[in-house]
Each structure stands twice: as structure tokens, then as C-alpha cells.
There are 2 protein chains.
Amino acid sequence: MQRPRWGNPGTPGHLPAAAAALVGTDDGGAHRAIAADDIELARPQVPAAVRASLSEVLGAAHVTDDRSARIAHTRGYSTPDILALRAGDATDAPDLVVQPGSHDEVVRILEICAEQRVAVVPFTGGTSVVGGLTPDRAGFTGAVTVDLRRLDELVSVDEISRTATLQAGLRGVRAEELLRAKGFTLGHFPQSYEGAGIGGYAATRSAGQSSAGYGRFDDMVEHLVLATPRGTFEVGTAPASAAGPDLRQLILGSEGVFGIITEVTVRIHPAPSHRVFEGWHFTDFAAGATALRTLAQDGPLPTVVRLSDDVETSINLSDPGAIGVDPGGCLAVVGYEGTAEDVESRRTRVSAVLERLGGTCAGSGPGEAWRTGRFRGPYLRDPLLDAGVLVETLETVTYWSHIAELKASVTDAVTEALTAQGTPPLVMCHISHVYPTGASLYFTVVCPETDDPIAQWWTAKSAANAAIRTAGAAITHHHAVGRDHRATYHQEIGDLALDALRAVKQVFDPAGICNPGVLV
Amino acid sequence: MQRPRWGNPGTPGHLPAAAAALVGTDDGGAHRAIAADDIELARPQVPAAVRASLSEVLGAAHVTDDRSARIAHTRGYSTPDILALRAGDATDAPDLVVQPGSHDEVVRILEICAEQRVAVVPFTGGTSVVGGLTPDRAGFTGAVTVDLRRLDELVSVDEISRTATLQAGLRGVRAEELLRAKGFTLGHFPQSYEGAGIGGYAATRSAGQSSAGYGRFDDMVEHLVLATPRGTFEVGTAPASAAGPDLRQLILGSEGVFGIITEVTVRIHPAPSHRVFEGWHFTDFAAGATALRTLAQDGPLPTVVRLSDDVETSINLSDPGAIGVDPGGCLAVVGYEGTAEDVESRRTRVSAVLERLGGTCAGSGPGEAWRTGRFRGPYLRDPLLDAGVLVETLETVTYWSHIAELKASVTDAVTEALTAQGTPPLVMCHISHVYPTGASLYFTVVCPETDDPIAQWWTAKSAANAAIRTAGAAITHHHAVGRDHRATYHQEIGDLALDALRAVKQVFDPAGICNPGVLV
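Residues numbered from 1 in each chain as written. Chains lettered and ligands numbered in written order. Predicted model: local features only at pLDDT ≥ 70, side-chain atom pairs only at ≥ 80, totals over all residues. Heavy atoms only, no water.

Asker: Would you mind going over the relation of the copies chain A and chain B in detail, with residue names and values included?
Answerer: Each of the two chain copies goes to the other by way of a rotation about an axis and a shift along it. With an axial shift of 0.0 Å and an RMSD of 0.0 Å, the rotation relating chain A to chain B amounts to 180°. The two molecules are tied by a two-fold rotation axis, judged by turn and shift. Within chain A, Ala503(A) has its C-alpha nearest the rotation axis, a separation of 2.8 Å. (Least-squares fit on C-alpha atoms with pLDDT ≥ 70 in both.)

Asker: Which residues make up the sheet that holds strand E17 (residues 426-434) of chain B, and what are the values?
Answerer: Residues and elements named next belong to chain B. Strands sit in the order E15-E12-E14-E13-E17-E18-E16 across an open sheet of seven strands; the sheet is antiparallel. Two strands lie at the open edges of the sheet, namely strand E15 (360-363) and strand E16 (389-399), each paired on one side alone. Averaged over all pairs of adjacent strands, the angle between their axes in this sheet comes to 25°, without regard to strand direction. (Pairing = 2+ DSSP bridges. Helix = DSSP H or I, 4+ residues; strand = E, 2+ residues; numbered from the N terminus. Axes fitted to C-alpha atoms, helices over the stretch in contact; angles between N-to-C directions.)

Asker: Let's hear about the packing of aromatic side chains: which residues, and what values?
Answerer: Per the counting criterion, the structure on display carries 12 aromatic pairs over all chains. Between Phe233(B) and Phe508(B), the ring centres sit 4.9 Å apart and the planes meet at 50°, which makes this aromatic pair tilted. Separated by 275 residues along the polypeptide, Phe233(B) in strand E9 (residues 231-235) and Phe508(B) in helix H18 (residues 486-508) bring together distant segments of the chain. For the pair formed by Phe233(B) and Phe508(B), the shared burial category is buried. By the ring-pair criterion, three or more aromatic residues cluster together here, those being Phe189(A), Tyr193(A) and Phe375(A). Here Arg371(A) stacks its cationic end above the ring of Phe277(A), 5.9 Å away from the centre of that ring. (Phe/Tyr/Trp six-rings, centres within 6.5 Å; stacked < 30°, edge-to-face > 60°. Buried < 20%, exposed > 50% of the residue type's maximum accessible area, 1.4 Å probe, protein only. Lys NZ or Arg CZ within 6 Å of the ring centre and 35° of its normal.)

Asker: Can you explain the interface of chain A and chain B? Please cite residues and give values.
Answerer: Tallying the contact residues gives 72 residues for chain A and 73 residues for chain B. Each partner contributes to the roughly 5300 Å² buried at the junction of chain A and chain B, and carbon and sulfur atoms together form 63% of this total. Looking only at chain A, the three residues that lose the most surface to chain B are Thr237(A), Tyr399(A) and Leu496(A), adding up to 13% of its buried area. Summed over the shared surface of chain A and chain B, the number is four salt bridges. For the salt bridge of Asp499(B) with Arg230(A), the shortest nitrogen-to-oxygen distance reads 3.1 Å. Our count for the chain A to chain B interface comes out at 28 residue pairs in polar contact (both at pLDDT 80 or more). For the side of chain A that touches chain B, the elements supplying multiple residues, two or more each, are strand E8 (221-228), strand E9 (231-235), helix H10 (248-251), helix H11 (285-298), strand E16 (389-399) and helix H18 (486-508) of chain A. Residue contributions to the side of chain A that touches chain B peak at 12 residues, all from H18(A). (Contact = heavy atoms within 4.5 Å. Buried area = accessible area lost by both parts, 1.4 Å probe. Salt bridge = Lys/Arg side-chain N within 4 Å of Asp/Glu carboxyl O. Polar contact = N/O pair within 3.5 Å; in protein donor to acceptor, adjacent residues only side chain to side chain.)

Asker: Would you mind going over the pattern of salt bridges in detail, with residue names and values included?
Answerer: All names here are of chain B. Per the counting criterion, the structure on display carries 48 salt bridges over all chains. Of the charged contacts in the structure, one is a salt bridge between Asp-386 and Arg-86, with a shortest N-O distance of 2.7 Å. Here Asp-386 is found in helix H15 (residues 381-386), whereas its partner Arg-86 is found in helix H4 (residues 79-86), with 300 residues between them in sequence. Taking relative accessible area as the criterion, Arg-86 reaches 4% and is therefore assigned buried.

Asker: Please provide a residue-by-residue account of the sheet that holds strand E13 (residues 304-308) of chain A, values included.
Answerer: Residues and elements named next belong to chain A. Sheet architecture is open: seven strands sit in the order E15-E12-E14-E13-E17-E18-E16, paired in antiparallel fashion. Sheet topology places strand E15 (360-363) and E16 at the edges, where each strand pairs with a single neighbour. Sheet twist, expressed as the average angle between the axes of neighbouring strands with direction ignored, equals 25°. Helix H14 (residues 364-373) contacts strand E12 (274-282), E13, strand E14 (330-338) and E15 of the sheet and is inclined by roughly 115° relative to E12.

Asker: If you had to explain the packing of helix H16 (residues 403-419) of chain B against helix H17 (residues 453-470) of chain B to someone new, which residues and values would you point to?
Answerer: All names here are of chain B. For the pair H16 and H17, the least separation of the axes is 8 Å and the interaxial angle reads 155°. By the angle class used here, H16 and H17 are roughly antiparallel. Along this stretch, H16 crosses H17, giving a crossing that reads as right-handed. Facing Leu-406, Ser-409, Val-410, Ala-413, Val-414, Ala-417 and Leu-418 of H16, the residues of H17 in contact are Gln-456, Thr-459, Ala-460, Ala-463, Ala-464, Ala-467 and Ile-468. (Parallel < 35°, antiparallel > 145°, perpendicular 65-115°, else oblique. Left-handed = near helix turned anticlockwise from the far one by under 90°.)

Asker: Tell me what's going on with the environment of Ala369(A), and back it up with residues and numbers.
Answerer: Residues and elements named next belong to chain A. Tracing the backbone through its elements, the reader meets Ala-369 in helix H14. On the accessibility criterion, Ala-369 (19% relative accessible area) is buried. Through-space distance from the C-alpha of Ala-369 to that of Glu-278 is 9.3 Å; in sequence the pair is 91 residues apart.

Asker: Can you tell me about the environment of Thr124(A), naming the residues and giving the values?
Answerer: All names here are of chain A. Structurally, the position occupied by Thr-124 is in the loop between strand E3 (119-123) and strand E4 (143-147). Separated by 234 residues in sequence, Thr-124 and Gly-358 place their C-alpha atoms 43 Å apart. In contact with Thr-124, other than residues within four places in its own chain, are Leu-148, Ala-168, Gly-169, Arg-171, Gly-197, Gly-199 and Gly-200.

Here it is as C-alpha cells:
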């Protein structure tokens, strides 16, 4: 264990006994991370004039090249990112970390950095798993990370229209606390919930585990404020406009390359008073997928709905304490949140559909186990790596008619690529989000580490990317593009789309300082 | 009456007796349109080489400068557009009308016109009410209208994913017929349904009257194919992607300025087997609006839901045959389509909400009257103009908390502007589309014509635009920007947004030939 950055420091970061038994005991320390004090860090490069200007704007207390701050802001939280830092590689550390206190300060930071050709990386929770926080440094005089943590206010709530304006540096947990105090919920609970923040949700098109009930984050956004090197850009006039292209959708998913999102206005919902989470068993994945599709197409939808394949069900990742207890078949988790009447009404109608389509209700045990354990997965990566076990995830999305084929081809590609390296993997998969026309597939891959686990994983990931591309699926459903998906993304969207994105970047960021190397 | 272009030629284009009594009889022919044969048309300007090249690509039969074709493709169908042609003004007539038979032919048309600096206007139903079909001609060697009527195929249906791929030239009515034959519906019924086409729906972010049940057109689109002067641009990989900005939303609403949409893949739904449309009375607009907001926020939603204000209710435009029969208060129309079970389930739950919030069910009479008469409005404009009665509509959208204020300020602005011209108007309003955070307002304005009815209307329209802008609402909810809203749109989105759109246009359309003067 090296970095306490992910999420809630109070959450245990050690393997449950059952998981430890499954993956084998510690392999004698061969894969231990080097101590934080032993990480080598280059001297900060940013020109003194930049530092002076930034200190003048922000106050010296909010501009630091402190070693621990620089390390804590180095890259994101993909397994390769973790592996690099565990090996002592902090070559991507920013030269400075700054903490603006207002939107206007963010604009000033961008102006100063544009003048001096300093790369700028926006930072909320630091939970990127696609290299979204690793800027190109070539051609720049340094790199500054803009940590938005001081922009942490719930600016306003419109109770009639059910919208809230949130500053981008609010962590998801804090945003939810502030809204609950007013009787509302944002309803956005990605697995990174305990770490990630509002700006990151918007910049990466995050999808929360309750997307069936509350929508994806990009569905929720009514209005955005973006700080750019050319000033302030506000977008989103009204709930549903026919006035030209929807430019909100140009900023959502832009991953910091056009500027830094400082504020969003989003849909909110009354805080639910009731909740039921249940497990449902299906004999196979196809039957479960048909049941989920029927709910997505004909309704009603639960608030949460997901389906693990037989491998994931047998490992029972939904309940690390019960790992290894194989209930057989495929487990779906179906959750309802709302008023008592709404929960009961939907539950009755959903249950009728699931039963008709071959499901068997397993009661609230598996549902509650999943619910209470659902944010724990990421905390297990460091202890697994300590034990010599490589674990990483990837996700994609396609139409319902292509789901089975996509699942098989990605599983085969990853399995083949890792088996060829002498480390046959366990590949688990679940449907994590459903839509009327399709669904996402989320894969978890576990195998022994080789001597070069970063290269080992890239080989597998490349094979998965190629399989996704061949299947015509999207390279990401909710993890964004970053650096890691960039090449495949470019293949996916084509040259004209790339030209269009670069033209837009040129408008907002003529000096090209905004998160260089990411997305475009 | 001059043009048979709008919709179904079989629909009566004369005023019902009750309406005629309301507006007064014909004023002796002072406002009659000049005969079609008397319209003056300039000689076609387009270079002979362009015509030759287009004829070579399309076949001579699909390239015409025929007088009636040019007149039939002159401008759109706003009241000012109708008035101009009624006065014999065909200065905006295209020089050529071409009918490509394939996507590749559309690309070739654009390439040829880009080489020779010919302005290109895409055309499906010709029902634009915002000047979307009136290109700038300055700086161009001519103007060609690309009528997509030959691109009229239902390309494919994915019954599992519930998507259909439609060519852009399909009229709405025909698309629906083709889908119904396979057991599906698109569920898109704008008031222009009997005239408009698929490409227009996509290019203008059309919203159908059943948007509560089936969504807006821009919600339905999974994939788009755009022909541009630089070749083919396809966008949309999967139902829900986090891979960068959503570029579908850059093409939707682009009104032909980036190229011509030739094909879309959209969500479809099982054709409904059952239908119930009912009227509900509320004592006032505020009570009705609260009821609609409650349905939009807490569910369940009917398939159709709309609320007329007291003025519109008293005129009873929902049933032209019963105009003048004032039922008092405000009438809502609430419609359900689906399976028998779904219709009955939603109807029961919706009715309980409406009753709780002060609604009184008026039975299926008013609902069915609205349903059967709902596409008739546009057919009445010519006979009303013949009678010296100016009638035009406009729409906007805002958050629920701003609805009452917006309704009042637009009504006041239009009333004042027309009263000052000596023609005090009747201003009717209804909520036509509801969303969780807001709703659209649709205004119908009726008044006696002055001697210069085009200038008369622009004065009123400008006042409405200013009121909409002051209120922070969107300049259009579903009629798009065209030329008519361009100035207000630019104020609404700001300079950086405009720069971004122009940069994108420069990528797709470096010669600037695509629908010049519209949007950007």
C-alpha cells in the first residue's frame, strides 16, 4: 500500500480472508510497492514567472510544489497507473499543484499558463482509469494540476424545477450530503463515488450504478460553466431546446481539453424514503439479458439493475465476504428507491416480468450484500497487487442484438492474450447499465502478475480494444477516453470527427495547453 | 390559396363555418394571393457547367429548373414565407432543384457545388417556419435545392434492439406506414407530420406531440449519416457512450450547415394496440401546469399531455368545428397509447394525480376531437390570410419555475407590439411538451392584417424574441433557428459558441456552400 488517495481512508484496504484464499497468499513481497519516500521526483520545471503569477492570483498558500502533493496528483487510478507509481515511477508528476477558489481564478490560471505554454490538467477526485490525468509534456514549459477541491459549494437549488447548481470540485459524497440536507438526491453513484467529483463526472460522461432510475450524468446536465483560456463559456439555456447543435454535449465528455468545467446545473430528485434491493437468479446469461432488455424496453425500470455472468456470479464479487460460495447460474441485482408506494408498485410489476422470463427471486440478501459492498472493489487493487495478482476492468456498450457476440469476443481476446503470456486469466462480466436499444458490458480480469505487469496488461487491453472495434461497439461506456483509448477512439470516430474536435479545441484553447495528449 | 405543398392535398384548406364566423367574412379579396402563374421568377443563374455535372451524376430527369418546381421549393412555410409568395415574391427561388437517388449522389452534389461556389439547400418536407430554406445568395454563383424525396426507404429494422434505419427523404407519414407494417411505430407526430420528413426532423430537433411517450426526435437518434463536401461523416457507435463529446448532438439541429443528413437510425416502439385520449379541465393555467409538472417529475407520464390556457380553451382550437364553444377554465389533453394493460395502468395512476391536483375529467370527447384535428392547423393559414386574418405561431421553453413569468412577458410583448400597430391580437398559449425540469410554451397569435403584414409580424416577433431573451428562455423549442432566429440565437449562445460552430462548419464545409445564412 502506497497511496491513500482513493475514496474513503476509513475503508479497509486489505483482502477479505475468502478473497485471500482464492488468490493465494502473499508471494513473499516480490510485488510490494516501493515506499512513498523512495519515489524519485524530478525538480519542478515550471518557469518562476508562472509560479509568481499563479501565487499572485491564488495566494501562495494555494500554489505548491510540495513532494507529497505532486505525488498525490500523479496520474489516475488505472492498474497501470498504480503499477507505475508502485514501481517508483513519478515521471508524470505535475510541477505545481494549484487550488483555485473561484471560477474567475480558474480562468486566470488558464490565461497565465497559455501565455507561458504550461500544460494544465484538471483534477477533482483523481480517479481516472484511462490516463486522463497524464498530460503530454513535450513542447511545454511545465505541467500544472488544477485541483478544484476549493470549489465545493452547492450554489443553489430550484425546488420547483428540481435542479441544483453544483461547483465542480464537490466530491460526489459531499454533493449528496448537501442535497440530502435539502430533501433531494442527485442519484449518481458510480463505483468511484467515494473518490470522484462533479467536474470529473461531467468531463467523462460518468454513469452511476443507479442509472436505470436517475440516468447517466450526461443526461442530468442542464447547464455548464467552462473556464477556457479565452474566457468563460456557458452553455445550456433551457431543458429542451431546438436552437442548433446541443453544445452541452460538446463539453460533456471533453475531458479537460477545451478548458475546465467549474460548475454544472443538474436534475435532482426527491431523496428516496424507501429502498429494496433484491437478487434474482437466472439459469444463464442469455435469459437474464432478455429479462433486463424487456424491462429497459417495455418498463417499468428498477432504480438499479445489473446482471453478472456465471463466472462473476460464481466468484460472487458482489459480496467479498462470501467469495467462493457459488450460487450457480447468473445473479441479477435489482434495486428500487423512491416513495413506499413507488417502490412497491415498481417492484410488483418488475417481479412479474422477471418471473415470467425465468427469474427466481433470491430475496434481499444478495441485493443488500451488493449494495453495501458496491464501492469496495477499487480498494482491493493494491492488496491484490501486493499479492502478485493483477486485476483490472474495462467496459464497452453496444446494441442488444450484439451483446452476446461482443461478450464472447472480448472475453476470448483477453483470455488469449493473457494465456499466451503464461498467465491464464479469470474473465468476469456483467451488464452494468441498460438502455432501450442496448446495454453496457463491464469486464473484470484477474490473473497472476508477470515480471512486467504493465506491458502484460497493455497486451490484453489492446486485444480487448481490437475486439471491441471489430464488433462495432464503443470503446468506453463510462470511463472516457483519456490517453489509453485515444488510438481506438480515433479509429472509432474517423478523421472528419477528429478534425471537428481539433477545430473546436483551437477555438477554446489556441495554445493547446488544456490537458494535452488526452482525447484529441 | 396558392400552394398545395403543405401536407395532404386531400385535407380541406377552407375555414370551418364557426371559425369563419369568428374572424369575420372575406374582406372582398383585398388580401387574396396572386395567382401562381403571375409569380415573377428570375432566370436560373447556376453555371451551365454545374448543371451539366449534376445531370451527369443524377441523370437529367433528376435536375430541373422547371418553374413550378422552383416555386414549390421557394422558402418554407412560416406566415411571412407564405405572405411573400402570396404577394408574388419568388426572389428566393432556387435556380435548380435536384433529386439524388443515393447518399453517394448527395456527396457528389456537394462536391460539385463546392467547386463552383453554388449554395445548397437540403429539402425534405419544406415545412420550415424559421426561414431554414432561404439561403444567402450573395457571393454564390447560384442556389440548388436538394430534394431528398427519392431517398425514401426503410433500410432495416433491428427488432431485438428496437431500432430502424430510415433514409432522410422519407416523409413522416410514409415512415410510419412502413414501420407499422412491421409492427412498430416511430411515435413522432409533429404538427407538420403530414408534410415533414425524417431529415428535417433530425436537422431541426423536431418534437412530436407524443414526446411524453416517445421522446423528442433528437432523443431517438442512435446513428446519423451526413453527406458533406468533404465526404461521408457517420456518427453514433452505440446507445450510450462515454467516448468524448457526443457528436450526434452536433449534427442534430445543424440545419444543413455542415452537410446533408441522408440516413438516421432511430429507436422504435411496438405499434400500440390501444389508445385513449381524454380532456381534463382545470380552473386555471397555474393549476394545470402544476399537474403536468407533477406527472413529468414523479410520473407516470401519458403518451401525450398538453394544456391550453384560458384564451386558447375558449377558442377551442383543438376542435375547429366547435370554435366558439367556451367550456371555461383550461383544457388539458391527455392521451395514452400502448398495450391495453399499459394504457389502463397509466390512465388509472395519471387520473389519480390529476384529480388530486384539481383536474376534472371531461371524457374522451375533447381528447378525441383534439387527436383527430391535430394536424389541421397549418391548412387553415391560407384561408385565414385570404380573409385578412394574420395567424402565426411561436414557441419557447424554460424551467418550470419560470413558466408563468415567461408566458406573461411574451403575451404582453406580442400584444403590445400588435396593438401599437392598430391590430390588437388574440394571443393563445399552450404547454405542448413537458420535461422533468421544464416545459415548452407554444403561442398562437391572431389579428387583422395591416397593409404590410410581413413587417407587421416581424415587429411582433421581434418583441417576442426580446421577451424570450430577457426571460433567459430558449429562442426555440422545436422550430429550429433558420434565418429568422439567427440574431437572437447568437445572443443566446455567445461569441465563443458561435466561433466553435463556425470552426466546425469550416471543417465539413470549407467553401461555405451548405445552407448559407442559416444558423451561423
